[in-house]
Amino acid sequence: MEGANDSASKGACHCGGCGADNNGSFLNPTPMLDQLESGPWPSFVSGFKETAERTKKPMLRGVLDQLEYSYNTRMGYWKGGLVTVDGYGAGIITRYSMIKDKFPEAAEFHTMRIQPAPGLHYNTTMLRELCDIWEKHGSGIITLHGQTGDIMLQGIEQDKVQECFDELNQKGWDLGGAGAGMRTGVSCIGPGRCENACYDNLKLHLVALKHFIGQVHRPEWNYKLKFKFSGCPNDCTNSIMRSDLAVIGTWKDAIQIDREEVKNWIAAQGMDALVNNVITRCPTKAITLNDGEMEISSRDCVRCMHCLNAMPKALSPGREKGIALLMGGKNTLKVGVNMGSLIIPFMKMEDEEDYEAFLEKIEDIIDWWDDAGLDHERIGETIERVGLQQFLEGVGLEYDINQITRPRDNPYFKAKY
Ligand code: SF4
Ligand code: SF4
C-alpha cells in the first residue's frame, strides 16, 4: 500500500490514497468508516470515535485505522491465538493484528467475555464498577450483550488481562464460556417482572451454571453446547433457534380465563376484534364462541401464546406449569440452520428434586453426545446424522409419533396410538 505508514504517525488518512487530513484530531481520517455514520441507525464507528477522543487510547485509533484499511482492501486482518487467565482455559477471544507492522497500535485487541446475570438485569453500582475497571485496563468499548449472551469487553492487550480479570472477579464478575465446552447461558427476565413466566428460569439458569461451571471454564467436549432459558413459549431469549438446549416454560392444563376481564376486553375492543384478531388467528382453531362465551380446547391448543399476548389480563397460562426441553437449535454449520426439536414435552420444575432430575437428564444427554459425536459437531448435528430414534434410545427417553416427520416413509417406528 503505497503511502501508508504506521498508525502512530498521524496526519493523513491510512487508506492508502485519499490523502485526507485529520485537522488536529486525536484520530486519523477514516473517510470510508465515516460513511457508516451517515445512516439512520446508531453507528459503532461513532461509539469508537467518541471513546477514543475522550480516553485518548492509541489502541482505538489503531483499530479504526486498520478497519479503514480493511474496507479499502476488502480483507480482514485479525488472527487468533491463546490468551487465558490463571486456572481458566476459556473466556477470552484473541485478536492479533496480521499487519501490526503497519498498525502497531492495533497489534492486540482481545475480547473478554463476562458472564451476564440471569435475566440480564444489573444494578448501577455493578455497572459502574465494571466500566471503571474496563476503562482502566482495556479500551473502554463494551457490547451489551453479544450474541453469546456475554457482556463483551472488547479490546485489551495480553499483559493486562490477568490484572483486569482479578479486579473484575473481586467485584463478583466471572468469565463466560468459549471453545468446546459449556457456553454462557441466557435467560429472559421471567418471574422477576413477567406474568407469563411458567417456571423460575432465573433460578434454573443459576443452578445449571453452577453445576456446569467447570466445563464453562475448562472446555472438554466435542464442541460447544449452549443453554437458553425462556420463561414461556414467547421465547424472548430466542432459545429455539440459538441454543442446543432450549428450556422453555409451558403448562399442561387449560389456559386460565378471567371471564370478567374478557367482558372488559370486549367492551373496550369490540366483538369483531375478538373474532378477527384473536379467535381466527389461533393457528389450531382451538378457540370458539359458545353462546357468546369464549372457550379454549386445551387438547388443540399448541401454546403459541397469541391469544394470551392479545388479551393479557383476560388469559394467562394454566396452573400446572413446568418446562419443555428442545434440542439441536443452532445457526449454520455442517448441516445448515436447525431449530430445536421437542425432546421432553413437559417436566415439573418446582423444587430441588425437579432441578436434580433436570441436571441428571442433561448429564445423560451430554454423555451420549460425548460418545456418539464427532469432533466439532454440535449435538443437533449428531442427532441429525445418527437419527432421532438412536438418540432417544441412547438417553433413555420415550419417542412419540409426533416426532416423525413422514410416518409412512419410516417402518422403524411403531405408533402407540
Ligand atoms: Fe416473559 Fe415469556 Fe418473554 Fe420470558 S419469554 S420475558 S416469561 S414473555
Ligand atoms: Fe390458540 Fe395459541 Fe391461544 Fe393456544 S395459545 S388457544 S394455540 S392462540
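From a predicted model like this one, the values you see are computed outputs, not experimental measurements.

Reading the values: rules and limits
Residues numbered from 1 in each chain as written. Chains lettered and ligands numbered in written order. Predicted model: local features only at pLDDT ≥ 70, side-chain atom pairs only at ≥ 80, totals over all residues. Heavy atoms only, no water. Pairing = 2+ DSSP bridges. Helix = DSSP H or I, 4+ residues; strand = E, 2+ residues; numbered from the N terminus. Contact = heavy atoms within 4.5 Å. Axes fitted to C-alpha atoms, helices over the stretch in contact; angles between N-to-C directions. Near = heavy atom within 4 Å. 1 Å grid on protein atoms, 1.4 Å probe; cavity = no way out; pocket = protein on both sides within 12 Å on 5 of 7 lines; lining within 4 Å. Sits in = over half its atoms within 2 Å of the grid points. Nonpolar A, V, L, I, M, F, W, Y, C, P; charged D, E, K, R; others polar. Patch = residues over 30% accessible without salt bridge, like charges linked within 9 Å, V, L, I, M, F, W, Y side chains within 5 Å. Areas by Shrake-Rupley, 256 points an atom, 1.4 Å probe, with all protein chains shown as cover. Salt bridge = Lys/Arg side-chain N within 4 Å of Asp/Glu carboxyl O. Buried < 20%, exposed > 50% of the residue type's maximum accessible area, 1.4 Å probe, protein only. Domains from an automatic or database assignment. Buried area = accessible area lost by both parts, 1.4 Å probe.

K.L.:
Sorry, what's going on with the sheet that holds strand β5 (residues 141-144) here?
P.N.:
Backbone-to-backbone hydrogen bonds join strands into a sheet, with any given pair of strands oriented parallel or antiparallel. Across the sheet, which stays open at both edges, the 4 strands sit in the order β2-β4-β6-β5 with antiparallel pairing between neighbours. Each edge of the open sheet is held by one strand with a lone partner, namely β2 (92-93) and β5. Strand direction decides the pairing type here: β5 and strand β6 (residues 151-156), joined by 4 bridges, are antiparallel. The partner of L144 across the bridge, within β6, is I151. On the sheet, helix α4 (residues 124-137) packs against β4 (110-114), β5 and β6 and is oriented at approximately 20° with respect to β6.

K.L.:
Help me understand the site of ligand 2 in this model?
P.N.:
Around ligand 2, the surrounding shell consists of C282, T284, I287, I296, C301, V302, R303, C304, M305, H306, C307 and L308. The pocket occupied by ligand 2, as judged from atoms lying within 2 Å of grid points, is the largest cavity. With 3 residues, helix α11 (residues 306-310) is the single largest residue contributor to the shell around ligand 2. Taken together, the residues of the shell around ligand 2 sort by class into 9 nonpolar, 2 polar and 1 charged.

K.L.:
How should I be thinking about a nonpolar patch on the surface in this particular structure?
P.N.:
Together, M32, L36, F44 and Y71 line one region of the surface with nonpolar side chains, adding up to about 330 Å² of accessible area. Along the chain, the position of M32 falls in helix α1 (residues 31-35). On the basis of relative accessible area, M32 is assigned to the partly exposed category, the value being 31%.

K.L.:
How should the domain arrangement of the protein chain be read in this particular structure?
P.N.:
Domain boundaries assigned for the protein chain yield domain 1 (4-73), domain 2 (78-170), domain 3 (186-251 + 321-394) and domain 4 (256-316). With 20 residues of domain 1 at the contact, the number on the domain 2 side is 20 residues. Both faces considered, domain 1 and domain 2 share a buried interface measuring about 1600 Å² in area, 65% of it formed by carbon and sulfur atoms. Broken down residue by residue, the surface that domain 1 buries against domain 2 is led by K57, M59 and Q66, which jointly contribute 39%. When the shortest N-O distance is used, the salt bridge between E105 and R61 registers 2.7 Å. Those elements that place two or more of their residues in the side of domain 1 that touches domain 2 are α2 (44-55) and α3 (58-73). With 9 residues, α3 is the largest single contributor of residues to the side of domain 1 that touches domain 2. Tallied by class, the residues present in the side of domain 1 that touches domain 2 amount to 7 nonpolar, 8 polar and 5 charged.

K.L.:
Please clarify how the pairing of strand β9 (residues 245-251) should be interpreted in this entry.
P.N.:
Regular strands have side chains that alternate between both faces of the sheet. In terms of burial, β9 is a largely internal element, 7 of the 7 residues being buried. A two-sided burial pattern is seen for β9, the buried positions comprising L245, V247, G249 and W251 on one face and A246, I248 and T250 on the other. The pairing of strand β8 (residues 227-230) with β9 spans 4 bridges and is parallel. In the strand pairing of β9, F227 is matched with L245. Bridge count for β9 against strand β14 (residues 321-327) is 7 bridges, and the pairing is antiparallel. Bridging from a neighbouring strand, G249 pairs with I323 of β14.

K.L.:
Honestly, the site of ligand 1 in this entry has me stumped. Any pointers?
P.N.:
In the region of ligand 1, the neighbouring residues are C188, C194, N196, A197, G231, C232, N234, D235 and C236. A per-class count over the shell around ligand 1 returns 5 nonpolar, 3 polar and 1 charged.

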